[in-house]
Amino acid sequence: MTDVLRTGSDDRAARRERALAALAEQPDGIVEAIAEQAGLASLDILEALPEPGCRLLAGTLFDAVWQELATWGEVLLIVHTRDIVLEAAGTLPRGSEAHGWFNIHGDSPIGGHIRKENCRAIALVDRPFHGRRSCSVWFLNDKGEAMFKVFVRRGADKILNSEQLARFEAMDY
């Protein structure tokens, strides 16, 4: 599936080798930072994660995945660019479509407009991050970069929310 996202002369085997080398240096670091240092897309790093790692879904499943996430209660939504890591905790509004946007508004601090047609893949990511298990759903664009990510919440004890974790693990599309 990911070759559809790729352009350029860099071949898949060479990207994978660079990704594996980068992960060996920083196995539980920030995916975007690892990718940038290796000259790769975040998706290259996600694909190289050791098990359980990353399960890829087609971007056409945007609606189904979003609607599932909208039932999880409070989640952590992250938008990570080179210039900002924006974190917002709240419930995901169900959303509606109008004027070419997927619009998310409601009784949540999370709101805005998404160009859902730009979602080319969805990654279900299960990996260690700074020594703890981290589970998230990444909505990826055609460059293999995260449009945004939705994380299974942690409690005050830093343990993943058991109900959300079970729902994450059960995601099978």
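Residues numbered from 1 in each chain as written. Predicted model: local features only at pLDDT ≥ 70, side-chain atom pairs only at ≥ 80, totals over all residues. Heavy atoms only, no water.

The name given to the protein in an unreviewed UniProt entry is Heme utilization protein HuvX, and the organism recorded there is uncultured Pleomorphomonas sp.

**Q** Can you tell me about the sheet that holds strand E5 (residues 101-104), naming the residues and giving the values?
**A** Overall, antiparallel pairing links the 3 strands, which are arranged E4-E5-E6 in an open sheet. Edge strands, defined here as strands with exactly one partner in the open sheet, are strand E4 (96-98) and strand E6 (112-114). Ignoring which end each strand starts from, the neighbouring axes of this sheet average 40 degrees apart. Inspection of the sheet shows E5 paired to E6 by 3 bridges, in the antiparallel sense. Its bridge partner lying in E6, Asn103 is registered against His113. Sheet strands in contact with helix H4 (residues 62-69) are E4, E5 and E6, and its direction is about 5 degrees off that of E5. (Pairing = 2+ DSSP bridges. Helix = DSSP H or I, 4+ residues; strand = E, 2+ residues; numbered from the N terminus. Axes fitted to C-alpha atoms, helices over the stretch in contact; angles between N-to-C directions. Contact = heavy atoms within 4.5 Å.)

**Q** Could you give me a rundown of the state of the cysteines, with the residues and numbers involved?
**A** Scanning the model with the defined rule gives 0 disulfides in all. Lacking any disulfide linkage, Cys119 is separated from the closest cysteine sulfur, that of Cys54, by 13 Å. Residue classification places Cys119 among the buried residues on the basis of a relative accessible area of 5%. (Disulfide = S-S within 2.5 Å. Buried < 20%, exposed > 50% of the residue type's maximum accessible area, 1.4 Å probe, protein only.)

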